[in-house]
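# Fold and contact review
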Amino acid sequence: MIKIRGLTKRYGDFDALKGIDLDVAPGEFLVVLGPSGAGKSTLLRCINRLCEPTQGDIHVDGQRVTAERASLRRARRQVAMIFQHYNVVPRLSVLKNVLTGRLGAMPSVASWLQVFPRRDIEIARECLRRVELEEKAELRTDTLSGGQKQRVGIARALAQQPKIILADEPVASLDPKTSRTVLQYLKQASRELGISVVCNLHQIEYAREFGERIVGVSGGRIVFEGGPDQLTDEV
Ligand code: ADP
Ligand code: ADP
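Just so it is clear, the structure is predicted and the values come from calculations on it, not from any experiment.

### A short note on the site of ligand 2
The immediate surroundings of ligand 2 are formed by 10 residues, with Arg45, Asn48, Leu50, Val79 and Phe83 found nearest. Between ligand 2 and Asn48, the relevant distance is 3.2 Å, taken from a nitrogen atom to a side-chain nitrogen or oxygen of the residue. Note that a nitrogen atom of ligand 2 is positioned 3.4 Å from one of the backbone N or O atoms of Val79. Within the complex, 63% of the 570 Å² of free accessible area of ligand 2 lies under protein.

### Observations concerning the side chain of Gln160
With respect to the helices and strands, the residue Gln160 is situated in the loop between helix H5 (146-159) and strand S7 (164-168). Residue classification places Gln160 among the buried residues on the basis of a relative accessible area of 15%. A distance of 2.7 Å separates a polar side-chain atom of Gln160 from the backbone oxygen of Arg76. Of the polar contacts made by the side chain of Gln160, one reaches the backbone oxygen of Arg77; its length is 3.3 Å. In this view, Gln160 contacts Arg76, Arg77, Val79, Ala80, Gly101 and Arg102; residues no more than four positions away in its chain are not counted.

### Brief notes about unusual backbone geometry
The phi angle of most residues is negative, glycine excepted, and most peptide bonds adopt the trans form. Positive phi is not limited to glycine here, since Arg49 has a value of about 60°. If you trace the backbone, Arg49 turns up in the loop between helix H1 (40-47) and strand S4 (55-60). Note on Arg49: relative accessible area 15%, which makes it buried. The phi dihedral of Asn87 falls on the positive side, at around 50°, and the residue is not glycine. Take Asn87: it is sitting in the loop between strand S6 (79-82) and helix H3 (94-99). For Asn87, a relative accessible area of 43% puts it in the partly exposed group.

Definitions and limits used
Residues numbered from 1 in each chain as written. Chains lettered and ligands numbered in written order. Predicted model: local features only at pLDDT ≥ 70, side-chain atom pairs only at ≥ 80, totals over all residues. Heavy atoms only, no water. Near = heavy atom within 4 Å. Polar contact = N/O pair within 3.5 Å; in protein donor to acceptor, adjacent residues only side chain to side chain. Areas by Shrake-Rupley, 256 points an atom, 1.4 Å probe, with all protein chains shown as cover. Helix = DSSP H or I, 4+ residues; strand = E, 2+ residues; numbered from the N terminus. Buried < 20%, exposed > 50% of the residue type's maximum accessible area, 1.4 Å probe, protein only. Contact = heavy atoms within 4.5 Å.

So, in structure tokens, the structure goes:
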């Protein structure tokens, strides 16, 4: 579903990624584990070209991703994102936030106010059911807890009906109990809908609990690859 070859990313004279080769299978839940500054976020952002690679090739669902408009649009339709700080719109209702997932990668402010087709609303409500927030649909999103906001983030990603979800430290702002709940929702949706997930984490215990496969990144390189059982505390 994702094929990355020889990916490097340089910021000025600093190499954030130093030659990454990585494959992600359809429906796989892959954890990218590494300390802060390892290059995890840069890696995810290169996949949908939020960040322009310095070198290397990225294929998403068999098609090479380039900076051309058509290619970008295609990649961003298939790839949804979940962010550490949720990136929800606080004043909008939960349902409207999820509906923005129906609008493509980067909706304009005006588009949040549009009237949505009934079909989109059904899809959004179905996604809210998956994260068990259907009762909160009409509430303003800033009335929710952090964990609930991230579940809105998951529902918004699902509403995009993507093939791939990239989750960049989705639980880094949450306490352990809430973190596990949020990761559980994400993993379950991935399994039931066959969506490939690449999830950046820095906590080894969550990687072990949730990763079907784990890729350890340090200093811009892949330093470990294996199943949760092979993950030792030194990684
Ligand atoms: P992680 O997600 O693992 O914390 P990042 O991909 O965010 O790592 O960052 C990797 C390295 O690249 C860090 O040292 C960071 O300071 C640097 N970096 C990230 N973004 C930029 C940028 N826009 N300009 C310069 N350096 C950056
Ligand atoms: P943050 O660092 O606050 O998490 P980013 O800088 O990573 O935010 O996000 C860049 C912008 O891209 C955000 O404003 C976000 O809303 C937008 N965005 C959201 N979803 C996507 C997507 N699927 N593809 C591209 N951009 C997206």
